Amino acid sequence: MSESGPSAPKIKKKAKGQRYRAEYSIEYPCLIKSTKESCVFCTYCKQDVSVLHGGRDDCKRHVESKKHESNANLQNSNSNLLSFFEKRESPMELQVTNAETLFTNFIIEHNVPIAVSDHAGPLFRKMFPDTEIAKKYGCARTKTSAIIDNLSRDKIETIVRHFKNLFACATDGSNDVNTQLYP
């Protein structure tokens, strides 16, 4: 006799959850297919975002988050940074760019928080009121982050190029002494 009445135990089906769909990348181009089954990969944040429970809503929530917006602004400023530097032609503008890059290198070398750069411009203008470079210095957190990103890309490419010529793979006999080579 089968139990099908109100006192019969109910068998719950396990929910599969959401997975990546191509529409997510169309609606949000920064989100691409992840190596993880129930995630999308954000190219701005360089992280996997779960879409297991909400799908499109999870994508929307991530894209509207403060972290994502900050990373997107940084990404956009990086692409504009090189063109920004290329537009500077006068010797004074080149000196200002040099000062901004030198101070950014100082921040990196001494492991100083990037937030310090927000206060550097006003400080330089107070310290050096007579110089035009200090008056035109305008390298706060966003520009400093963009300079660091571009400098690091250049350094990484240089290091990789150097090590490609330096390293080689060599092997010597086996260390497995229990294996017989000949029967």
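The model shown is predicted, which means the values in this text are computed figures rather than measured ones.

With that out of the way, let us pick up the overall build of the chain. Secondary structure assignment for the chain yields seven helices and three strands. Out of the 183 residues belonging to the chain, those deemed buried represent 25%. Residue pairs at least 24 apart in sequence account for 48% of intrachain contacts in the chain once pairs closer than 6 positions are excluded. Looking at the chain as shown, the accessible area adds up to about 14,300 Å², and 56% of this sits on carbon and sulfur atoms.

The antiparallel open sheet is built from three strands, whose spatial order is β1-β2-β3. If you trace the sheet from one side to the other, it starts and ends with β1 (31-33) and β3 (47-50), each paired once. In this sheet, neighbouring strand axes are inclined to one another by 45 degrees on average, regardless of whether the strands run parallel or antiparallel.

Below, the discussion takes up the confidence of the model for the chain. In this model, the chain carries an average pLDDT of 80, and 73% of its residues clear a pLDDT of 70 or more. When mean pLDDT is compared element by element in the chain, helix α5 (residues 117-127) scores highest at 94, while helix α3 (residues 66-87) scores lowest at 68.

Cut-offs and rules
- Residues numbered from 1 in each chain as written.
- Predicted model: local features only at pLDDT ≥ 70, side-chain atom pairs only at ≥ 80, totals over all residues.
- Heavy atoms only, no water.
- Helix = DSSP H or I, 4+ residues; strand = E, 2+ residues; numbered from the N terminus.
- Buried < 20%, exposed > 50% of the residue type's maximum accessible area, 1.4 Å probe, protein only.
- Contact = heavy atoms within 4.5 Å.
- Areas by Shrake-Rupley, 256 points an atom, 1.4 Å probe, with all protein chains shown as cover.
- Pairing = 2+ DSSP bridges.
- Axes fitted to C-alpha atoms, helices over the stretch in contact; angles between N-to-C directions.
- pLDDT = per-residue confidence, 0-100.

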